[in-house]
Amino acid sequence: MANKSQPFEYAPAPESRSIVDIKPSYGLFINGEFVDGTGKSFKTISPSTEEVLAEISEASDADVDLAVKAARRAYTRVWSKMSGAERGKYLFRIARIIQERAREFAVLESIDNGKPIKETRDVDVPTVAAHFFYYAGWADKLGYAGYGDDPQPLGVAGQVIPWNFPLLMLAWKIAPALACGNTVVLKPAETTPLTALLFAEVCQQADLPPGVVNIVTGAGGTGRAIVSHPDVNKVAFTGSTEVGKAIARAVAGTDKRVTLELGGKAANIVFDDAPVDQAVEGIVNGIFFNQGHVCCAGSRLLVQESIADEVLAKLKRRMKTLRVGDPLDKNTDIGAINSAEQLAKIRELSEIGEAEGAERWSPKCDLPSTGFWFPPTIFTGVSQAHRIAREEIFGPVLSVLTFRTPKEAIEKANNTPFGLSAGVWTEKGSLILWAASQLRAGVVWSNTFNRFDPASPFGGYKESGYGREGGRHGLEPYLKNDGAR
Amino acid sequence: MARLDVKKTYKLYIGGDFPRSESGRSYPVSKADGTFWANASQASRKDARDAVRAARAAFAGWSTKTAYNRGQVIYRIAEVAESRRDQFEAELRSAEAITAAQARTYVDAAIDRLVFYAGWADKIAQVVGGANPVSGPYLNHSAPEPSGVVAVVAPAGPLLGLVSVVAPVITTGNTCVVIASEPHPLTAITLAEVMATSDLPGGVVNVLTGSVAEIAPWLASHLDVNGLDLTGVTDPDLARTLEEAGAENLKRIRRPGLEDLLAPPPLDRMTKFLETKTVWHPMGV
């Protein structure tokens, strides 16, 4: 019989790494084949162990130029001439191959990114396949999408994606671009290139015509070379608001079309008649999912004053059960912080939170001795002026504020330059609908949080960027808009 | 002896009022034949900021009116404009040296465009929004919402130019600050008189006259402006500079481009200044 003071321990349940075959070094994927870059190289490491996984090429301006030329050639000669139905069939093939190789992608993503296998297996990879499957079906139906009878592609799309959902962001970018008849040059994030390079193999297995998808690895310089390349017609970026603004400035005065999915500081509002246990699960999912490396994370908890004590007590109790550790362990809830740089940023803002007078709390948890780790953390007594209430921390750190009236909740929720997402918890239907209508945010989750679906448009208001990804709306950024009357 | 005309003083239109420029400046406007017509107010940075403040103050009320109500108000602008069509035709002929038939064409088109957009107010949400079939037990729907305050540089075409850029912005619930065509500002103020007497709440449309090169940069860099329509900017260097300034708070920007204003307008005159809000509701017992 278990001793009450000695709760059950979880035995390790690690997922095997044997399914992935990480090469010692990778080139760039240009015109359908892997080629050596002409630039320098860098190492990608496992954030949970700091072991070097592979040597990655840093694409130079000349490499980017080659990739854009390959994309242009594929666009002109093949992809723009192909029927939508045939383009769609390639995308269906890609979706199927991703499903077939799902376990491999899930393990590789977990190793390279540091996120729990539970999430890559159950969220990232299935959603990636679904995204390709969804947009595959649009390719021959664009004339019904409301953008004119025969909407035309833009040409070559330059796409730069972040490290928090490496493969999923690739899917969000590539699937609609290809469905609409564009070709792409995509740069995965510096710290998470491996699943994009594995995706290149999927393109080969699918017999995708060479040059339709080009993957160039690198850091900020490579990204700038893509964005500023004169033969790129479309720039799609997901990442920080700071870089998003730089991109908006860089394309000024050009004909380039742009979509930007940037930062957020979402309010998760809990009213006094909320289903509290359910709300606590939503709060935990909202801020601790993917280590809080989520642009739409519910990083500001706004809880009605009358139930604040109850909610916080239950939240703390729930947080004590979160398991932080080996991302490949199937029991793990919170994996590694993606990089030393990000860990330093989370630490810095948390220290500022304390210095500004907020009260910090984390459950006791043993963190591994190697790798980058941060315990799930909440700050109470946070005011709207505190930096931890205004700036995106992009980590497992929740700022808790209280309110008295619904009007005050909305005012506080909207008091931010961001506007990506928001959450509302109440059992009262009319209050949900009223709050959802008042919130200046592109996605509102009521009595749920962090739901994603290929059919559901995603994107922000204000400084969270512009354009939508997902759904019929996600086609618009990749089509010429002169046909729509 | 012939009776002396009572000439009109042309001022700005801000927050429903007709103030002079706080700067005390004006600039002479000539008719097409070169003769003096009137002095127009030359708006300043301060006027632009006052106009943004008025537009922001009006946003909450205007954007939450029912779409049907907004449509009726815009239809009312068309009605009142129609009642003053002789004046508009005469002004266009003075300003642009066009024939009576051409003036009639432009006035017809401008009034009809208002009627066109009046009808859009309660239809755009169904055309660009809808239910999303997500894979799970959720009711998920997307609907458009106005971006907020939009700064507009109106193109040439004293009446149709202004109507073509302002009507699509406000019919969806935005409020705006519009810089009238620099050489032909007077008809914009006449149209403002129409709007002021058409149940349009003060501040929904604010009209500035003056130098585009002077005023537009203040609007482009203003952090309480959400959108920027550069249709009337003819200098590519200025357009680039304005776009760069607008990047600071990621304004939604409609770049300049040649457009036949008499042709049916593109949908993105509205959609460029709309946000898509997607709401998820769980279903279950």
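These numbers were taken from a predicted model, which means no experiment stands behind them. (Residues numbered from 1 in each chain as written. Chains lettered and ligands numbered in written order. Predicted model: local features only at pLDDT ≥ 70, side-chain atom pairs only at ≥ 80, totals over all residues. Heavy atoms only, no water.)

Enquirer: Whenever I open this one, the domain arrangement of chain A confuses me. Can you help?
Expert: Reports of interface size often rely on the accessible area that becomes lost once the parts have come together. Residue and element names in this part refer to chain A. The domain architecture assigned to chain A consists of domain 1 (25-262 + 463-478) and domain 2 (267-453). The straight-line distance from the C-alpha centre of domain 1 to that of domain 2 is 30 Å. Between domain 1 and domain 2, a total of about 2,500 Å² is buried, with carbon and sulfur atoms accounting for 58% of that surface. Put simply, domain 1 and domain 2 have one salt bridge between them. Between K118 and D333 there is a salt bridge, with the nearest N and O atoms lying 2.5 Å from each other. Counting only elements with at least two residues in the side of domain 1 that touches domain 2, the list comes to helix 3 (102-113) and helix 4 (117-138). Of the residues assigned to the side of domain 1 that touches domain 2, the class counts are eleven nonpolar, ten polar and nine charged. (Domains from an automatic or database assignment. Buried area = accessible area lost by both parts, 1.4 Å probe. Salt bridge = Lys/Arg side-chain N within 4 Å of Asp/Glu carboxyl O. Helix = DSSP H or I, 4+ residues; strand = E, 2+ residues; numbered from the N terminus. Nonpolar A, V, L, I, M, F, W, Y, C, P; charged D, E, K, R; others polar.)

Enquirer: Just checking my understanding: could you explain the sheet that holds strand 8 (residues 227-229) of chain B for this structure?
Expert: Strands belonging to one sheet form pairs held by backbone hydrogen bonds; the direction of such a pair is parallel or antiparallel. All names here are of chain B. Reading across the sheet, the five strands line up as 7-6-5-8-9 and stay open at both edges, with parallel pairing between neighbours. Edge positions in the sheet fall to strand 7 (205-208) and strand 9 (252-254), since each of these pairs with one other strand and no more. Each strand of the sheet is rotated relative to its neighbour by a mean of 15°, with strand direction disregarded. Two strands pair when backbone bridges link them, and strand 5 (residues 149-153) and strand 6 (residues 175-179) are joined in this way by five bridges, in the parallel orientation. Paired with V153 across the two strands is I179, which belongs to strand 6. Each of strand 5, strand 6, strand 7 and strand 8 touches helix 8 (residues 212-220); the most contacted strand, strand 6, lies at about 155° to it. (Pairing = 2+ DSSP bridges. Axes fitted to C-alpha atoms, helices over the stretch in contact; angles between N-to-C directions. Contact = heavy atoms within 4.5 Å.)

Enquirer: I keep staring at the nonpolar core and nothing clicks. Help me out?
Expert: Side chains that are nonpolar tend, in soluble globular proteins, to be buried together. Residue and element names in this part refer to chain A. Of all hydrophobic cores here, the largest spans 111 residues; its most connected members are I98, F132, L170, F199, V213, V270 and L315. With eleven residues, helix 5 (residues 166-179) is the largest single contributor of residues to this core. Two domains each provide a minimum of three residues to this core, namely domain 1 (25-262 + 463-478) and domain 2 (267-453). In this structure, I98 is in contact with F105, V125, V128, A129, F132, F199 and V202, ignoring residues within four places of it in sequence. (Core = buried A, V, L, I, M, F, W, Y, C linked by side-chain atoms within 4.5 Å. Buried < 20%, exposed > 50% of the residue type's maximum accessible area, 1.4 Å probe, protein only.)

Enquirer: How do you make sense of the pattern of salt bridges when you look at a structure like this?
Expert: Oppositely charged side chains can form a pair if their charged atoms are brought close together. Counted under the stated rule, the structure contains 50 salt bridges over all chains. Of the charged contacts, one joins E51 of chain A and R17 of chain A as a salt bridge, the two residues approaching to 2.9 Å between their closest N and O atoms. Of this pair, E51 of chain A sits in the loop between strand 4 (41-45) and strand 5 (52-57) while R17 of chain A sits in the segment before strand 1 (25-26), placing them 34 residues apart in sequence. Note on E51 of chain A: relative accessible area 31%, which makes it partly exposed. Overall, the relative accessible area of 35% leaves R17 of chain A in the partly exposed class. Notably, a salt bridge pairs D122 of chain B with K123 of chain B, separated by 2.7 Å at the nearest N-O pair. On the basis of relative accessible area, D122 of chain B is assigned to the partly exposed category, the value being 34%. Here the salt bridges do not stand alone but share partners, grouping D229, R254, E259, D268 and R269 of chain B into one network.

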